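# Coordinate inspection notes
Below are the chains, spelled out letter by letter.
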Amino acid sequence: MPVPDTFREGLARGWKTYDGSRLEHDLTLEADVAIIGSGAGGGTTAEILSAAGLKVLIIEEGPLKTSSDFDLLEDHAYSTLYQEGIGRMSKDGAITILQGRAVGGTTLINWTSSFRTPDQTLDHWAHEHNVKGHSPSDMAPWFDKMEQRLGVSPWIMPPNANNDVIRQGCEKLGYSWHVIPRNVRGCWNLGYCGMGCPTNAKQSMLVTTIPATLEKGGELLYLTRAERLIIDHGKVQGVECLAMDERCVAPTGRKMTVKARHTVLAGGGINSPALLMRSSAPDPHETLGKRTFLHLVAFSAGLFDKVINPFYGAPQSIYSDYFQWRDGVTGPMAYKLEVPPLQPALASTLLGDYGQKSAERMAQLPHTHMMLALLRDGFHPESVGGRVELRGDNTPVLDYQVSPYAWEGVRRALHSMAEIQFAGGAKAVMPLHQDAGYVNTASEARALIDSLSLEIFRTRLGSAHVMGGCAMGEDSSSAVVDSLGRHHQLENLSVHDGSLFPTSIGANPQLSVYGLTAQLSTALVEQLKG
Amino acid sequence: MSATTAGISRRRVLKLGAGASAFLATAGLTAGLSGCSSSSPAMGFSVLRASDLPFLRAAIPVMLDGAMEGVSLPNAVDQTLQYLDHNLARLSPQMLKLTQQLFDVLAMAVTRGPLTGIWGRWENAEADSVRHFLERWKNSSLNLLRQGHSSLLQLVLMAWYSGAESWAHCGYPGPPKI
């Protein structure tokens, strides 16, 4: 039975959308609220505001792709659904940055892991970053609401073999592990969450909040880049947008102007601060774009006699926080352990090298397990994150330097992962580093990891999530917006996305964005209707 | 490594790095002025230029050595070039520009010789010389060359393993039918 494409059915029923690439004339549109970005923050905000009777207009830079477009081919997905055609990386080219860029934003291509913001993180924000009103007890009802809205619950099927290695290894070592809550309904357990869900099981913004907004008469512009906020007299007077071609590479020359009483910025880390920079928004204390965090990622591969088939099955279903909080919130760099899905193109770049070595590693793909450590950056004074800059063509790039503090965490993470992989039954383990190959025993792995020269390019680093850059907090000298996401200097501008976070989250952040922006949007409704 | 040695080697690298950057920038400029690197795509491609092809045709067989099970070398190279072209055509303009500058440096004799050790044309380069160049960049003290090495590998491997032609080798049955 074919899967119904619910979004296309909605379009056929008359949902109002504009495709920037097909626009023949410049356009001016008006709404109560303009929302820039259609990911976790923008989608959640749009649904709540439109349910309250406000006329909402969503502006999305990327294309509109729906379930029937998702053919599960890596090149198609990566080049259309990811920022910069998956070319986004840190300024020095050392860290790949994977962010979504399509209607639904990163929720369209994330791996569905849905964690509440850890209590430790919320408490840290209150104590260290002057954040008010987001304590664990303040937030609990909002997480609860969004978990219900998006079908979040611990994965009920058995984990795939790739995830099960964490369970088995941690069991054997006496380390804690848990089942990951996922935002899915009727999931087919395919394993292609990163390429767009072909069955509409993933409760991304594409199938939840955006349809709800369009049903209420909200409007969606896609292939439309918000280029500049028109700022005058301390207020945002409008949003200047550029229509993009169908590849989302070059502007077509057509322009849209959106005028609204209130503007919500929800382009995510990097893009949200960049838009404020392009608009010369006030930044009296030079905090904008600073403290941008990545959840830097280190990887370890394991070879098994049994078949792992790491490309199939729910990509993330088991995690371990054993190493996450035990040295305190602000101690040495801590990490969460998870696995990535491993389809061949992604696998080939992670496993590294070329020629015979690469070919041998790739030939063993069905027997390969991959683990990742997501490093919790931003909690320690030596973990300051990166800084967003504008390039010559006004597009953003993140300058992120890996500190000695972080490298020390990378080395410990490589040790932890190798230990768990061997305990979980691996016959060989390879830390993902240019100078490392597979080694056959835990003690060889320990010696190897201790000997590695940890530096950029030699160590294969990834990043998991972009957070911060428009930090929230009551003190305008250290924060861009207040604890309700309202810009400290511009009265009708709010930020509702992951760029609000004063540190990284210490967990996959989508539910943090949903819960926080649901809370902020509900307060915004009061403000706008009051 | 002691803090002192780390400091010295870092300073040395920074100094060399700045020199190499300037050198590469000059090379890019020269390429543009001399018309050596045309900006128009080669026949059959939407982004790849004729000047990019000799290097890629020499490097791809070395990078994919051992991975082309059941596929003829010319077919594997052609497939990889097509996938690569598709991906490059969707990169942001800034990232495409950087990639094309990298290709320019590899294509132009004035930079190719000193930086890669390939003194003749790519068409005549032996596989061993290509491997030698890749190893040299991989282990270079210059971040710029290590970055170039890392980019080349990513571009070519992602292109090859995106295609069904590569899946027999890596035991991937392909995506499920919906």
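Nothing here was measured: the structure is a model prediction, and the numbers come from that model. (Residues numbered from 1 in each chain as written. Chains lettered and ligands numbered in written order. Predicted model: local features only at pLDDT ≥ 70, side-chain atom pairs only at ≥ 80, totals over all residues.)

## Concerning the overall build of chain A
What chain A contains, in helices and strands, is 13 helices and 21 strands. Projected onto its principal axes, the C-alpha positions of chain A cover 65 × 55 × 45 Å. Looking at chain A residue by residue over its 530 residues, the buried ones come to 60%. Once local pairs closer than 6 in sequence are excluded, the contacts in chain A between residues at least 24 apart make up 75%. (Helix = DSSP H or I, 4+ residues; strand = E, 2+ residues; numbered from the N terminus. Buried ≥ 20, exposed ≤ 12 C-beta atoms within 10 Å, placed from the backbone. Contact = placed C-beta atoms within 7 Å.)

## Considerations on the overall build of chain B
Broken down by element type, chain B carries seven helices and zero strands. In chain B, the succession of helices and strands from N to C terminus is α-α-α-α-α-α-α. Evaluated residue by residue, chain B yields a buried proportion of 39% over its 178 residues. Of the contacts made within chain B by residues no fewer than 6 positions apart, 62% connect residues no fewer than 24 positions apart.

## Some words on the interface of chain B and chain A
Taken together, the 38 residues of chain B in the interface contact 40 residues of chain A. Secondary structure elements with two or more residues in the side of chain B that touches chain A: helix 2 (53–63), helix 3 (73–88), helix 4 (93–107), helix 6 (127–138) and helix 7 (143–162) of chain B. Among the elements that make up the side of chain B that touches chain A, the one with the highest residue count is helix 7 of chain B (11 residues). For the side of chain B that touches chain A, the per-class residue count stands at 19 nonpolar, 14 polar and five charged. (Nonpolar A, V, L, I, M, F, W, Y, C, P; charged D, E, K, R; others polar.)

## Things to note about the packing of helix 9 (residues 344–351) of chain A against helix 10 (residues 355–363) of chain A
Residue and element names in this part refer to chain A. Where helix 9 meets helix 10, the closest approach of the two axes is 10 Å, and the angle between their N-to-C directions is 130°. In terms of orientation, helix 9 and helix 10 fall into the oblique class. Between helix 9 and helix 10 lies a crossing whose hand is right-handed. Judged by residue contacts, Ala347, Ser348 and Leu351 of helix 9 engage Ser358, Arg361 and Met362 from helix 10. For the contact of helix 9 with helix 10, the residue count by class is three nonpolar, two polar and one charged. (Axes fitted to C-alpha atoms, helices over the stretch in contact; angles between N-to-C directions. Parallel < 35°, antiparallel > 145°, perpendicular 65-115°, else oblique. Left-handed = near helix turned anticlockwise from the far one by under 90°.)

## Observations regarding the pairing of strand 3 (residues 56–59) of chain A
Regular strands place side chains that alternate from one sheet face to the opposite one. Residue and element names in this part refer to chain A. Alternating residues of strand 3 divide into Val56 and Ile58 and Leu57 and Ile59, and every residue in both groups is buried. Pairing of strand 2 (residues 27–36) with strand 3 involves four bridges; the strand directions are parallel. Each bridged residue has a counterpart across the sheet, and for alanine 34 the counterpart in strand 3 is leucine 57. Chirality of the crossover, the property in question, places the unit of strand 2, helix 2 (residues 40–51) and strand 3 among those that are right-handed. (Pairing = 2+ DSSP bridges. Right-handed = clockwise from strand over helix to strand, strands pointing away.)

## Quick look at the packing of helix 6 (residues 161–173) of chain A against helix 11 (residues 404–423) of chain A
Residue and element names in this part refer to chain A. Axis separation between helix 6 and helix 11 bottoms out at 7 Å; the angle between their running directions is 90°. In terms of their interaxial angle, helix 6 and helix 11 are classed as roughly perpendicular. Across the interface between the two elements, Val165, Ile166, Gly169, Cys170, Lys172 and Leu173 from helix 6 touch Glu419, Ile420, Gln421 and Ala423 from helix 11.

## What about the environment of arginine 131 of chain B?
Along the chain, the position of arginine 131 of chain B falls in helix 6. Along the sequence, arginine 131 of chain B and methionine 63 of chain B sit 68 residues apart, while their C-alpha atoms lie 8.4 Å from each other. Beyond its immediate chain neighbours, meaning those up to four positions away, arginine 131 of chain B contacts Gly355 of chain A together with Val62 of chain B.

## As for the pairing of strand 17 (residues 396–399) of chain A
Note: strand 16 (residues 387–390) of chain A against strand 17 of chain A, four bridges, orientation antiparallel. If you follow glutamate 389 of chain A over to strand 17 of chain A, its bridge partner there is valine 397 of chain A.

## Some remarks on helix 2 of chain A
Residue and element names in this part refer to chain A. Here helix 2 contains 12 residues, and its C-alpha end-to-end distance of 17 Å stays within 8% of the 16 Å for a straight helix at 1.5 Å per residue. Within helix 2, 11 of the 12 residues are buried, which leaves the element mostly enclosed by the surrounding structure. Every buried residue of helix 2 is accounted for by Ala40, Gly41, Gly42, Gly43, Thr44, Thr45, Ala46, Glu47, Ile48, Leu49 and Ser50. (Expected span 1.5 Å × (residues − 1).)

## Examining the confidence of the model for chain B
All names here are of chain B. Overall, the predicted model of chain B reaches an average pLDDT of 85, with 79% of residues at or above 70. The secondary structure element of chain B with the lowest average pLDDT is helix 1 (residues 3–34), at 45, and the one with the highest is helix 2, at 98. For residues 1–19, every residue scores under 50 in pLDDT, and the model assigns this stretch seven contacts once sequence neighbours within four places are set aside. (pLDDT = per-residue confidence, 0-100.)

## Quick notes on the nonpolar core
Ala34, Ile35, Ile36, Leu57, Ile59 and Ala373 of chain A together with Val156 of chain B are the most contacted members of the largest nonpolar core, which totals 212 residues. Among the elements that take part in this core, helix 7 of chain B stands out by supplying 11 residues, more than any other. Setting aside chain neighbours within four positions, we find isoleucine 36 of chain A in contact with Ile59, Ala226, Val239, Val264, Leu265, Ala266, Gly267 and Leu275 of chain A. (Core = buried A, V, L, I, M, F, W, Y, C linked by C-beta atoms within 7 Å.)

## Remarks on unusual backbone geometry
Residue and element names in this part refer to chain A. A positive phi is found at cysteine 248, a non-glycine position, where the angle reads about 60°. Relative to the elements of secondary structure, cysteine 248 occurs in the loop between strand 9 (235–244) and strand 10 (251–265). Unusually for a residue other than glycine, serine 280 sits at a positive phi of about 50°. Among the secondary structure elements, serine 280 is positioned in the loop between helix 8 (271–278) and strand 11 (292–293).

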